[in-house]
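Breakdown of the fold
Spelled out, the chains give:
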Amino acid sequence: MFELFKNLGTWLTSGSQWAGQDGIAHRLAEHLQYSLLATLVAAAIGLPLGLLIGHTGKGAFLAINLASFGRALPTVGLVVLVFLAGGLSMLPVYVALVALAVPAIVTNTYAGMTAVDPDVKDAARGQGMRGRQVLLHVELPLALPLIMTGLRLALIQVVATATIAAYVSFGGLGRYVFDGLAQRDLVQVLGGAVLVALVAVVLDLLLSTLQRFLFRHRTA
């Protein structure tokens, strides 16, 4: 076991391991590209949907059930299905990652909107605010902490799952996991897993720090 971790340390810190198209730096950049793009697309879908449902109160049952379905959807199975339908491209990977991220965004956005005190909304309407103004100036600001939590959860889930890009012969940190399994190289497999975990932890810490900074003046 000691020898394994010693070899892992050598693998992670070797200069040659960080250089070139197969190096850690390049694979890390690919992994972040996949993850961030998929999360942005998911946010573009999930945020408006969650805001609409939370504001109007219509479609909540459908949205929550779709979100549960999205969580239960086998990611690799979806990749294979889209791969068979659309051919060899990054599309299956992005479809799967977006499908994974949307439920967390929708449900947290909806939860944030429904958590807004109805009396506050009534007071805003009493001051002459219309529906859109109530949404943008009252509900959305108050719901933002839970919305950001949903974005954090979605991004971390996507980062952890973006290794599936290597399943259809693309890059990212998953390349080390799949190549290591094929070559029976335990150090490479463990190295890829450690890197993915580190990326997820660092991103979560950065986002949680940003969230605390943005809402530092709010009381719990």
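Note that this is a predicted model, so its numbers are computed, not measured.

1. Topic: unusual backbone geometry
Its identity as a non-glycine residue notwithstanding, arginine 184 has a phi of 55°, on the positive side. In this structure, arginine 184 sits in the loop between α9 (174-183) and α10 (186-214). The exposed category is assigned to arginine 184, whose relative accessible area is 80%.

2. Considerations on the environment of glycine 57
Residue placement: glycine 57 occurs in the loop between α3 (24-56) and α4 (60-72). Taking the C-alpha atoms as reference, glycine 57 lies 9.5 Å from methionine 113; in sequence the two are 56 residues apart.

3. Quick word on the pattern of salt bridges
Applying the stated criterion across every chain, the model contains four salt bridges. Where glutamate 30 meets arginine 27, a salt bridge forms, and the shortest distance between an N and an O atom there is 3.0 Å. Of this pair, glutamate 30 and arginine 27 both sit in helix α3, three residues apart, which is roughly one turn of the helix. You'll find glutamate 30 and arginine 27 in the same group, each marked buried. A salt bridge links aspartate 179 to arginine 175; its shortest N-O distance comes to 3.2 Å. With aspartate 179 and arginine 175 both in helix α9, this residue pair falls four residues apart, about one helical turn. Under the relative-accessibility criterion, aspartate 179 is labelled partly exposed at 24%. For arginine 175, a relative accessible area of 15% puts it in the buried group. Taken together, the salt bridges that share partners define one network made up of Asp22, Arg27 and Glu30.

Cut-off values and rules
Residues numbered from 1 in each chain as written. Predicted model: local features only at pLDDT ≥ 70, side-chain atom pairs only at ≥ 80, totals over all residues. Heavy atoms only, no water. Helix = DSSP H or I, 4+ residues; strand = E, 2+ residues; numbered from the N terminus. Buried < 20%, exposed > 50% of the residue type's maximum accessible area, 1.4 Å probe, protein only. Salt bridge = Lys/Arg side-chain N within 4 Å of Asp/Glu carboxyl O.

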